[in-house]
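Fold and contact review
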Amino acid sequence: MTDTLLPPASTLPQERRLVTELPGPRSRELMQRRVGAVSAGVGGTMPVFAERAGGGVIVDVDGNSLIDLGSGIAVNTVGNANPRVVERVQRQVADFTHTCFMVTPYAGYVEVCEALNRVTPGDHDKRSALFNSGAEAVENAVKIARSFTKRQAVVVFDHGYHGRTNLTMALTAKSMPYKHNFGPFAPEVYRMPMSYPYHDGPHSGPEVASWAISKMDKEIGGSSIAAILIEPIQGEGGFIVPAPGFLQALRDYATQHGIVFIADEVQSGFCRTGKWFACEHEGIVPDLITTAKGIAAGLPLAAVTGRADIMDSIHVGGLGGTYGGNPIACAAALGSIESMEVDDLNARAQAIGDILVTRLTDMAARIPAIGDIRGRGAMIAIEIVKPGTLTPDPDLTQRVAKACHAEGVIVLTCGTYGNVVRFLPPLTIPDSLLLEGLDVVEAAFSAA
Ligand SMILES: *Cc1c(COP(=O)(O)O)cnc(C)c1O
């Protein structure tokens, strides 16, 4: 159990150490209690309970030290127990925990908005609003775009993921498990083809975009579209990086028809890809950008940031929420953003990406089931197929992930066909630990 005499979690030994089988006896006991207390509808990747975490490891309740290649789904970009976050959060929690920004505002909220307006793409005048989760940010971005344009249609893409609330389920592509049995879904959502280079054969980014644009023109009409909503690199859909020119063609179409172009950077944002935001790799400046996950080291915070004329067009009181921009979450965000800037985490993400791609490329030469290696920075994935084909192999993917878990390496899967293993380590992971994790991944293919 946590003991105040322990050294800070940020100084945990950076090692993989298995002292029991996984899950160990205390995790098994907690799993039993979980089954009796927690809804079975809440998913689970690993039956191992965390006790402390920092750098690139998570230490479980049995004393096993696991290598973290998932960052709690792209959240702990600055690492768990990052001292800059811990210090600011501890100070804030002792000062006050909540007043509601809409009732009695506080500086932290304003400072986070200033930072967002500064680090997001484009040097135009910007405003931000803060919320609690990625889904809530996406919902609000759609509300804002509809109100600003006085139009209703929202365009999304194949393989897209935008959350689990009613509107964001409608925006999300994949039925099982996100939407199954949960309808009816919100109307006026239109799904377009996505550029997916590994599966698109010879078709270029602009070519796939022209299919989407032609569909938009014919099936909706450009002048009826409020927003084009897209992840510049898709997360849950399989770390799909659209071919060059795809995003730019959509951006141009949006400009031409007065459509609000929304980049959902909830997963790809905040140094994950080696730039502050993934759309910068393509030189895209969105009208609105949604952020969450990496923003505040795990404290619940999300944001919509964008053009001042759009953000300020909303009637007073139209945006908000009881907890949105909670002061402790804002303190964590300011500590995280400070760490990203001072510790140059964009450079670190690029270095991690180089290690990942080099090692995975080497691995793929021996493992024909690795069909594709893709992503940017510390957001890299492998797509697993039947050798020599493009046919997904979700069974092998699951077996590989389970074999990694059994050896104390936390990896996550994703993809519309469940055949993608994604690597998104905390940017505080040491190289040696990352490489050891990848050795375990290679061994897992043999075991599976
Ligand atoms: C995770 C995610 C969301 C939803 O965020 P929550 O905080 O889980 O509501 C939305 N969009 C993208 C791209 C995501 O990866």
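Predicted, not measured: the structure shown is a model, and the values here were computed from it. (Residues numbered from 1 in each chain as written. Predicted model: local features only at pLDDT ≥ 70, side-chain atom pairs only at ≥ 80, totals over all residues. Heavy atoms only, no water.)

So, about the site of the ligand. As a matter of local geometry, the ligand sits amid S133, G134, A135, Y161, H162, G163, E231, D264, V266, Q267 and K293. In the environment of the ligand, an oxygen atom lies 2.9 Å from a nitrogen or oxygen atom belonging to the side chain of Q267. Here an oxygen atom of the ligand sits 2.6 Å away from a polar atom, N or O, in the side chain of K293. Calculation on the ligand without its partners gives an accessible area of 380 Å², and the protein chains cover 83% of this total. (Near = heavy atom within 4 Å. Polar contact = N/O pair within 3.5 Å; in protein donor to acceptor, adjacent residues only side chain to side chain. Areas by Shrake-Rupley, 256 points an atom, 1.4 Å probe, with all protein chains shown as cover.)

Bringing the pattern of salt bridges into the picture now. If you walk through the whole model with that rule in mind, you get 26 salt bridges. Of the charged contacts in the structure, one is a salt bridge between R374 and D372, with a shortest N-O distance of 2.8 Å. The salt bridge partner of D393 is K386, with a shortest N-O separation of 3.7 Å. In this structure D393 comes out as buried when scored by relative accessible area, which is 10%. Via salt bridges that share partners, R359, D362, R366, D439 and E442 belong to a single interconnected network. (Salt bridge = Lys/Arg side-chain N within 4 Å of Asp/Glu carboxyl O. Buried < 20%, exposed > 50% of the residue type's maximum accessible area, 1.4 Å probe, protein only.)

The next subject is the domain arrangement of the protein. By convention, interface size is frequently given as the accessible area that disappears when the constituent parts associate. Under the domain assignment used here, the protein contains domain 1 (9-81 + 344-447) and domain 2 (84-342). Inter-centroid distance (C-alpha atoms) of domain 1 to domain 2 is 26 Å. At the junction of the two partners, domain 1 supplies 39 residues and domain 2 supplies 36 residues. Taken over both partners, the interface formed by domain 1 and domain 2 buries close to 3,100 Å², and the fraction arising from carbon and sulfur atoms is 57%. Sorting the residues of domain 1 by area buried against domain 2 places N346, R376 and M379 first, and these three jointly supply 25% of that buried surface. (Domains from an automatic or database assignment. Contact = heavy atoms within 4.5 Å. Buried area = accessible area lost by both parts, 1.4 Å probe.)

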